[in-house]
Amino acid sequence: MADRKHRVHQQLTITEAARALHLDFEGFKKGPPVFAGIRVDGEWTATVFGDVAPDLIPAARAKRIRVTTLDTFLRETVDRAVAEDRLVTGFSTREFQVFEDRAVESDRLRPRFVNLLSLGRRWRRETHPEVDARVKASRARRKRAGRWVGGHGNTLLDFAGLLEAPRRSSYGKGCTTSRLRHVMGQVVRRGEYSRLTPTAKGKWTRVLQHNETDCLWSSMLAAVCVAASPENGGGR
């Protein structure tokens, strides 16, 4: 139902994809996100939400990452999108859901939000039909077996593989939550960032690299989706 609700942009122009704010939140399964990254015009920036995750503030300041409240960040993101006439992308509707859950600017964002998962599925179906068929068959088998399906075969990492996108060895699919917990726990116990163990500092660096990579992959996925669309002269 949520997916149907957010089907606003079924097509992107090449210019819209290039100028979009490619947004990715990081956090825990339950509760609001603790920080976000945005890639725009080829540059990535991160913002830590001090009201949601005060234990990340020392780690943010050590990396010269901006700290603000979550709601302020949401408003500023929409204000920028409107003022600069940009779209906002997210991989699936999770990013949009944060605005709705917080009741912050969701109505203004709705006509500018792009669900890259929907576009990515169509791109895969049209340009990699054999892969698309394998994913659908695998998801169907899991469902018949009563196993969890979720995003099986449809993760950003799956699409990055089709894109042959660059990937850091530290990417660590499924590791972000545990890394965040480790860093925040160390801050609680040790206080200053300078007193964190090298392991904890490394985990924080890898969390940031993970988000930067996700934002890069989102921008790449948006680019190939528009390049391949018939409306932009692409396709088979």
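Predicted model, so just to flag it, every value in this text is computed and none were measured.

### Things to note about the packing of helix H4 (residues 70-83) against helix H5 (residues 94-102)
The relative placement of two packed helices comes down to the angle between their axes together with the axis-to-axis distance.
Turning to step 1, where the next piece is worked out: Across the interface, H4 lies against H5 with an axial gap of 11 Å and an inter-helix angle of 120 degrees. With respect to H5, the axis of H4 lies oblique. As H4 runs across H5, the sense of the crossing is left-handed. Contact with H4, carried on its side by Leu70, Asp71, Leu74, Thr77 and Val78, involves Val98, Phe99 and Arg102 of H5 and no other residues of that element.
Turning to step 2, where the next piece is worked out: Among the residues forming the contact of H4 with H5, the class breakdown is 5 nonpolar, 1 polar and 2 charged.

### Observations regarding the packing of helix H7 (residues 116-127) against helix H8 (residues 129-144)
Turning to step 1, where the next piece is worked out: Closest axis-to-axis distance for the H7/H8 pair is 5 Å, and the angle between their directions is 120 degrees. Taken as axis vectors, H7 and H8 run oblique relative to one another. Here H7 contributes Arg121, Arg124, Arg125, Glu126 and Thr127 to the contact with H8, which in turn contributes Pro129, Val131, Asp132, Val135 and Lys136.
Turning to step 2, where the next piece is worked out: Of the residues contributing to the contact of H7 with H8, the split by class is 3 nonpolar, 1 polar and 6 charged.

### Digging into the pairing of strand S1 (residues 21-26)
Turning to step 1, where the next piece is worked out: Burial runs high along S1: 6 of the 6 residues are buried.
Turning to step 2, where the next piece is worked out: Here S1 shows two buried faces, one formed by Leu21, Leu23 and Phe25 and the other by His22, Asp24 and Glu26.
Turning to step 3, where the next piece is worked out: With 5 bridges joining them, S1 and strand S2 (residues 35-40) adopt antiparallel strand pairing. Opposite phenylalanine 25, over in S2, you have alanine 36 as the bridge partner.

### Overview of the pattern of salt bridges
Turning to step 1, where the next piece is worked out: For the structure on display, the rule yields 13 salt bridges.
Turning to step 2, where the next piece is worked out: Close ionic contact of arginine 94 with glutamate 95 constitutes a salt bridge, the shortest N to O distance being 3.4 Å.
Turning to step 3, where the next piece is worked out: Owing to a relative accessible area of 35%, arginine 94 belongs among the partly exposed residues under this scheme.
Turning to step 4, where the next piece is worked out: Using a relative accessible area of 2% as the deciding quantity, one classes glutamate 95 as buried.
Turning to step 5, where the next piece is worked out: With a closest N to O distance of 3.3 Å, arginine 110 and glutamate 100 form a salt bridge. Of the two residues, arginine 110 sits in the loop between helix H6 (106-109) and strand S6 (113-115) while glutamate 100 sits in helix H5, which places them 10 residues apart along the sequence.
Turning to step 6, where the next piece is worked out: One connected set of salt bridges, linked through shared partners, spans Asp41, Arg80, Glu84 and Arg86.

### Looking at the confidence of the model for the chain
Turning to step 1, where the next piece is worked out: Across the chain, pLDDT averages 90, with 92% of residues at or above 70.
Turning to step 2, where the next piece is worked out: Throughout residues 1-8 the model reports pLDDT below 50, and contacts reaching past four residues in sequence, or to other chains, amount to 15 contacts.

### Remarks on the packing of aromatic side chains
Turning to step 1, where the next piece is worked out: A complete count under the given rule lists 7 aromatic pairs for this structure.
Turning to step 2, where the next piece is worked out: Between phenylalanine 25 and phenylalanine 73, the aromatic rings sit 6.2 Å apart at their centres with planes inclined by 75 degrees, giving edge-to-face as the arrangement. With phenylalanine 25 in strand S1 and phenylalanine 73 in helix H4, the pair connects residues that are 48 residues apart, well separated along the chain. The same class applies to phenylalanine 25 as to phenylalanine 73, namely buried.
Turning to step 3, where the next piece is worked out: Through successive ring pairs, a cluster of aromatic residues spans Phe25, Phe49, Phe73 and Phe99.

Procedures and definitions
Residues numbered from 1 in each chain as written. Predicted model: local features only at pLDDT ≥ 70, side-chain atom pairs only at ≥ 80, totals over all residues. Heavy atoms only, no water. Axes fitted to C-alpha atoms, helices over the stretch in contact; angles between N-to-C directions. Helix = DSSP H or I, 4+ residues; strand = E, 2+ residues; numbered from the N terminus. Parallel < 35°, antiparallel > 145°, perpendicular 65-115°, else oblique. Left-handed = near helix turned anticlockwise from the far one by under 90°. Contact = heavy atoms within 4.5 Å. Nonpolar A, V, L, I, M, F, W, Y, C, P; charged D, E, K, R; others polar. Buried < 20%, exposed > 50% of the residue type's maximum accessible area, 1.4 Å probe, protein only. Pairing = 2+ DSSP bridges. Salt bridge = Lys/Arg side-chain N within 4 Å of Asp/Glu carboxyl O. pLDDT = per-residue confidence, 0-100. Phe/Tyr/Trp six-rings, centres within 6.5 Å; stacked < 30°, edge-to-face > 60°.

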